[in-house]
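Next come the chains, spelled out residue by residue.
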Amino acid sequence: MSILLQEISFGYGEKRILDRITLQVREKEHIGILGGSGNGKSTLLKILAGLYEVKEGRCTVAGENRPEQIRKQVAMVMQTPCLLPMSIRDNITCGHPMPEEKLWNVVCAAQLEEWVSRLPEGVDSFVGERGGSISGGQAQRIAIARAIAKDAPVILLDEPTSALDDKTSVALLRAMERLTEGKTVIHVTHREESLQNYDRILVLKGGKLFDKESVQNL
């Protein structure tokens, strides 16, 4: 199994957010998880990303169960991308050396090439504080490029297009097809239309995980 959750429970203080969740995900399987705000979607993804350590249950991702090792196995694209006040290049590579050919292949895969080619300094252009010099769609494409460059076996998507207009969302979903090809994917969202062609769609509700077909009145 690429991902194995066994009786996972998690909360903040006395408030339980996730309640005895069990999930098995095969290698290269694409899983969508639907749920409204406050149902624990982002919390679940942060556990899978190795950002939160569980005290109840067991989380195994790509054969790893220690958070510091899990983090090496996943790449994550969030609703609001976290960009550094640096160049496009540094935001993609995180400061690690990368051959120009590979960098440009990543830029093209994330559908950034047309925009980057028009910039006077190309991939060395500054994105501003928290990406303030670029649009939301451009920032998301850079986040996707960063995830492609990491080449992790597991991809986690947290509402990556929900804050964008329809045209930009469609373009980003096409870019994410390149990102997720041949990878294990968990995509949490409240928009079912973002989950076309996924292998399974689950629903997170009341801290519990259900098959979509078993949940009524979503």
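Preceding this paragraph is the structure being described.
Residues numbered from 1 in each chain as written. Predicted model: local features only at pLDDT ≥ 70, side-chain atom pairs only at ≥ 80, totals over all residues. Heavy atoms only, no water.

*Asks:* Any chance you could explain the pattern of salt bridges here in plain terms?
*Replies:* Side-chain pairing between opposite charges can occur once the charged atoms of the two side chains come close. Counted according to the given criterion, the structure contains 14 salt bridges. When the shortest N-O distance is used, the salt bridge between R66 and E68 registers 2.8 Å. A relative accessible area of 46% places R66 in the partly exposed class. By relative accessible area, which is 33% here, E68 ends up partly exposed. In this structure, E114 engages R118 in a salt bridge whose closest nitrogen and oxygen atoms are separated by 3.6 Å. Of the two residues, E114 and R118 both sit in helix α5 (residues 113-118), 4 residues apart, roughly one turn of that helix. Taken together, the shared-partner salt bridges connect R16, D19, R20, E56 and K208 into one network. (Salt bridge = Lys/Arg side-chain N within 4 Å of Asp/Glu carboxyl O. Buried < 20%, exposed > 50% of the residue type's maximum accessible area, 1.4 Å probe, protein only. Helix = DSSP H or I, 4+ residues; strand = E, 2+ residues; numbered from the N terminus.)

*Asks:* Explain the packing of helix α4 (residues 100-109) against helix α6 (residues 136-150) here, please?
*Replies:* Packed helices, taken two at a time, are described by the angle their axes make and the gap between the axes. Running from N to C, α4 and α6 cross one another at 130 degrees; their axes reach a closest spacing of 9 Å. What the angle tells us is that α4 and α6 run oblique. The handedness of the crossing between α4 and α6 comes out as right-handed. Taking contact as the criterion, the partners of K102, V106 and A109 in α4 are, on α6, A145, I148 and A149. In the contact of α4 with α6, the residues fall into 5 nonpolar, no polar and 1 charged. (Axes fitted to C-alpha atoms, helices over the stretch in contact; angles between N-to-C directions. Parallel < 35°, antiparallel > 145°, perpendicular 65-115°, else oblique. Left-handed = near helix turned anticlockwise from the far one by under 90°. Contact = heavy atoms within 4.5 Å. Nonpolar A, V, L, I, M, F, W, Y, C, P; charged D, E, K, R; others polar.)

*Asks:* Even after reading the chapter, I still don't get the environment of N197, so can you show me in this structure?
*Replies:* Within the fold, N197 resides in the loop between β7 (184-189) and β8 (200-205). Between the C-alpha atom of N197 and that of L48, which follows or precedes it by 149 residues, the distance is 22 Å.

*Asks:* Help me understand the sheet that holds strand β9 (residues 208-211), please; the structure alone is not making it clear to me.
*Replies:* Through backbone hydrogen bonds, the strands of a sheet pair up, either in parallel or in antiparallel fashion. Pairing is mixed across the open sheet formed by 6 strands, whose spatial order is β5-β6-β7-β3-β8-β9. Strands with a single pairing partner mark the edges of an open sheet, and in this sheet they are β5 (74-78) and β9. Taking each pair of neighbouring strands and ignoring which way they run, the sheet shows an average axis angle of 20 degrees. Relative to strand β6 (residues 154-158), β5 is paired through 5 bridges, and the arrangement is parallel. The partner of V74 across the bridge, within β6, is V154. Each of β3 (30-34), β5, β6 and β7 touches helix α7 (residues 166-180); the most contacted strand, β6, lies at about 155 degrees to it. (Pairing = 2+ DSSP bridges.)

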